[in-house]
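# Residue-level structural notes
So you can see what is in the structure, the chains are spelled out below.
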Amino acid sequence: MRYSISHLKELEAESIFILREVAAQFEKPVLMFSGGKDSILMTYLAKKAFYPAKIPFPFMHIDTGHNFPETMKFRDNLMEELGVKLIVGSVQEYIDNGELKEETGFNASRNGLQTHVLLATLEKHKFDAAMGGARRDEEKARAKERFFSHRDEFGEWNPKNQRPELWNLFNGHKNMGEHFRVFPISNWTELDVWQYIALEKIPIPNLYLSHKRPCFMRDGIVLAESDVINKRPEEKVEEMTVRFRTIGDMTCTGASLSDADTIEKIIEEVAATRITERGGRSDDKRSETSMEDRKKGGYF
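For clarity, every value in this text was computed on a predicted model and none was experimentally measured.

To continue, consider the domain arrangement of the protein chain. According to the domain assignment, the protein chain consists of domain 1 (7-192 + 289-296) and domain 2 (206-285). Taking both partners together, domain 1 and domain 2 bury about 2300 Å²; carbon and sulfur atoms supply 51% of that area. When the buried surface of domain 1 facing domain 2 is broken down by residue, H66, F68 and F106 rank first, second and third, together holding 31% of it. There are two salt bridges connecting domain 1 and domain 2. Notably, a salt bridge pairs R213 with E70, separated by 3.2 Å at the nearest N-O pair. Scanning the region where domain 1 abuts domain 2 turns up nine residue pairs in polar contact (both at pLDDT 80 or more). Elements represented by at least two residues in the side of domain 1 that touches domain 2 include exactly α2 (37-50), α3 (69-82), α6 (190-200) and α8 (290-296).

The next subject is the sheet that holds strand β10 (residues 256-257). Taken in spatial order, the four strands line up as β8-β7-β9-β10 in an open sheet, and their pairing is antiparallel. Because the sheet does not close on itself, it has two edges, and the strands there are β8 (221-224) and β10. Relative to strand β9 (residues 238-243), strand β7 (residues 211-218) runs antiparallel, the two sharing five bridges. The residue bridging C215 from the neighbouring strand is E238, located in β9.

Grouped together as the largest cluster of nonpolar side chains are 57 residues, with contacts concentrated most on F148 and W194. For this core, the element with the highest residue contribution is α2, accounting for seven residues. Mapping this core onto the domain boundaries places at least three of its residues in each of domain 1 (7-192 + 289-296) and domain 2 (206-285). When near neighbours in sequence (up to four residues on either side) are disregarded, F148 contacts I18, E21, V22, Q25, F26, E165, F170, N171, G172, F180, R181 and V182. Counting residues in hydrophobic clusters, the runner-up holds 15 residues, among them M32, V91, Y94 and L122.

Cut-offs and rules
Residues numbered from 1 in each chain as written. Predicted model: local features only at pLDDT ≥ 70, side-chain atom pairs only at ≥ 80, totals over all residues. Heavy atoms only, no water. Domains from an automatic or database assignment. Buried area = accessible area lost by both parts, 1.4 Å probe. Salt bridge = Lys/Arg side-chain N within 4 Å of Asp/Glu carboxyl O. Polar contact = N/O pair within 3.5 Å; in protein donor to acceptor, adjacent residues only side chain to side chain. Helix = DSSP H or I, 4+ residues; strand = E, 2+ residues; numbered from the N terminus. Pairing = 2+ DSSP bridges. Core = buried A, V, L, I, M, F, W, Y, C linked by side-chain atoms within 4.5 Å. Buried < 20%, exposed > 50% of the residue type's maximum accessible area, 1.4 Å probe, protein only. Contact = heavy atoms within 4.5 Å.

Following this line, the structure appears as structure tokens:
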């Protein structure tokens, strides 16, 4: 499949400009890293933005304890290769000390518990800007975000009170205790991300490529077999050929039935699909305003 290199280079230049703006305007920025393709892209862009110097800020991962093992292995290998500091906020640690209560039942997930751990970890390390790989095409609530998205002293977001961003001028002014979420790849689409990964030959976790895996169906979503998911008696595990479009918490991240085992095949598949990337995420289906409600409370 042919694609516009000039378009991808324009997106690259915009994102690098924003990354450099963050480094210039804020005292203690951090890059949020999940191990997914968008945060991998952000890492690659940050490496380009500050080359030949090292990336001038640490990375942070909020670990639910229910992540795919492949993601964790990829994360650790990449951090070692880059030589950057990785800060891990552990949901399990907060459960163990009684600060958080784990959900129970068949649909139990730790995904919602991440917000408390995220805000606590940002506060602990006094970060004033947290960069994330969210894109406007992912979900309707994320389409409302600015590049520089202000958060109040409680970490909360007000979508009706955001600062204008004209002529690439970004206002990073904040009061004590407040911080910003920054989204350098807001203008990228899922297709753009995959085309850029193909163009730059960026390594990705093998979860994104089609493979055989024990899975089961729940409410129309394909979930990977795991000992962290409570299955109903009627939910039968069988081997399926799948790949993942997102690779978050295993309890709520659905797989896609797919034979796309190369990047070029993924690009063709994404170009043809009419289902959004987060269409297989059960956490987004808990209510009509699920993502926006979580974002207002401090979720990324």
